[in-house]
Amino acid sequence: MSKMQKGFSLIELMIVVAIIGILATVAIPQIQNHITRTKWQDNIAKVQSYKIAVEKCLQNNAGALASCDTAEKVGTSLPAVSGTLASVTQTAATAAIVITGTAAAANCIVTLTPTVTSSAITWAYSNSGANCNKIKTGVGS
């Protein structure tokens, strides 16, 4: 009578480990990008009320960007720094809102630039910083 072997061979186990390794090299960076994007959505949400205040100011001042380029002119304060939000500033003359993230948010900088037309105010999002793009922040190009 011959005995039957039970279990997996070393080759089979090495193949499974190799497959798990390949999957991990693809999945881990994607998960990290997703986590960073989530943090940026939180940062952008923190600035939303200030962005609306700028829009209201622009409507009340015939779209003159220079009339709404500081918190004093807008009539409200800039959002408080907390969590992954390192700073929020506003650019003179263009009324652009500049959001800077902490190291947990990849140290990215997102700039919201308003464009005023006769019928609408639109916002363009742009990214700056090392390796900062739409994959990291979820906005811009």
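Residue positions are given per chain, counted from 1 along the sequence in the order it is written. In keeping with the predicted nature of the model, local features appear solely for residues at pLDDT of at least 70, side-chain atom pairs appear and are counted solely at 80 or more, and the whole-chain, interface and lining totals rest on all residues. Heavy atoms throughout the structure, all of them, feed into the side-chain values; hydrogens and water do not.

This part takes up the pairing of strand β3 (residues 109-116). Note: strand β2 (residues 97-101) against β3, four bridges, orientation antiparallel. Directly across from I99, in β3, lies its bridge partner V110. Whether two strands pair comes down to DSSP finding at least two bridges between them. Elements are defined by DSSP. Helices are runs of H or I of four residues or more, strands are runs of E of two residues or more, and each kind is numbered from the N terminus. As defined by bridge partners, β3 adjoins strand β4 (residues 121-128) across eight bridges and the pair is classed as antiparallel. Following the sheet pairing, P114 is matched in β4 by W123. Linkage of β3 to β4, two consecutive antiparallel strands, is achieved through a turn of four residues.

Moving on, we get to unusual backbone geometry. For A95, which is not glycine, the phi dihedral falls at a positive 60°. With respect to the helices and strands, A95 occurs in the loop between β1 (85-90) and β2. Phi is positive for N107, close to 55°, though the residue is something other than glycine. For N107, the location among the structural elements is in the loop between β2 and β3. Relative accessible area decides the class of each residue, using a 1.4 Å probe on protein chains only: under 20% of the type maximum gives buried, over 50% gives exposed, and in between gives partly exposed. N107 sits in the partly exposed class, given a relative accessible area of 48%.

On to the confidence of the model for the protein, then. Parts of the prediction with low pLDDT should not have their coordinates interpreted in detail. Overall, the prediction assigns the protein a mean pLDDT of 94, with 99% of residues at 70 or greater. Every residue is assigned a pLDDT by the predictor, reflecting its confidence on a scale from 0 to 100. Within the protein, no element has a lower average pLDDT than helix α3 (residues 134-137), which sits at 94, and none a higher one than β2, at 98.

Okay, helix α1 (residues 10-60) next. What a helix should span is 1.5 Å times the count of its residues minus one. Spanning 51 residues, α1 covers 74 Å between terminal C-alpha atoms, matching the ideal 75 Å at 1.5 Å per step. Bend, in this description, refers to the angle at a residue between axes fitted to the seven residues ending there and the seven starting there. The largest bend in α1 amounts to roughly 40° and is located at Q48. Listing the buried residues of α1 in full gives N33, T36, W40, N43, I44, V47, Y50, K51, A53, V54, C57 and L58. Looking at the packing, one finds that the buried side of α1 touches α2 (71-74), β1, β2, β3, β4 and α3. In what follows, a contact means two residues having at least one pair of non-hydrogen atoms within 4.5 Å.

Taken in spatial order, the four strands line up as β1-β2-β3-β4 in an open sheet, and their pairing is antiparallel. Two strands in the sheet have a free side with no partner beyond their single neighbour: β1 and β4. Here the strands of the sheet are splayed against their neighbours by 20° on average, with no regard to which way each runs. Interaxial angle, 0 to 180 degrees, is taken between N-to-C directions of lines fitted to C-alpha atoms, where a helix line uses only the stretch in contact. The strands that α1 touches are β1, β2, β3 and β4; relative to β2, the one it contacts most, it runs at about 165°.

Any two cysteine sulfur atoms within 2.5 Å of one another count as a disulfide. Applying the stated rule across the entire model yields two disulfides. Paired through a disulfide, C108 and C132 show a sulfur-sulfur distance of 2.1 Å. Taking the torsion about the S-S bond as the criterion, the C108 to C132 disulfide, at about -90°, is left-handed. Taken together, the positions of C108 in the loop between β2 and β3 and C132 in the loop between β4 and α3 put the pair 24 residues apart, joining distant regions of the chain. Across the pair, C132 and C108 agree in class, each one buried. Sequence-ordered numbering of the disulfide-bonded cysteines in the protein gives the connectivity 1-2, 3-4.

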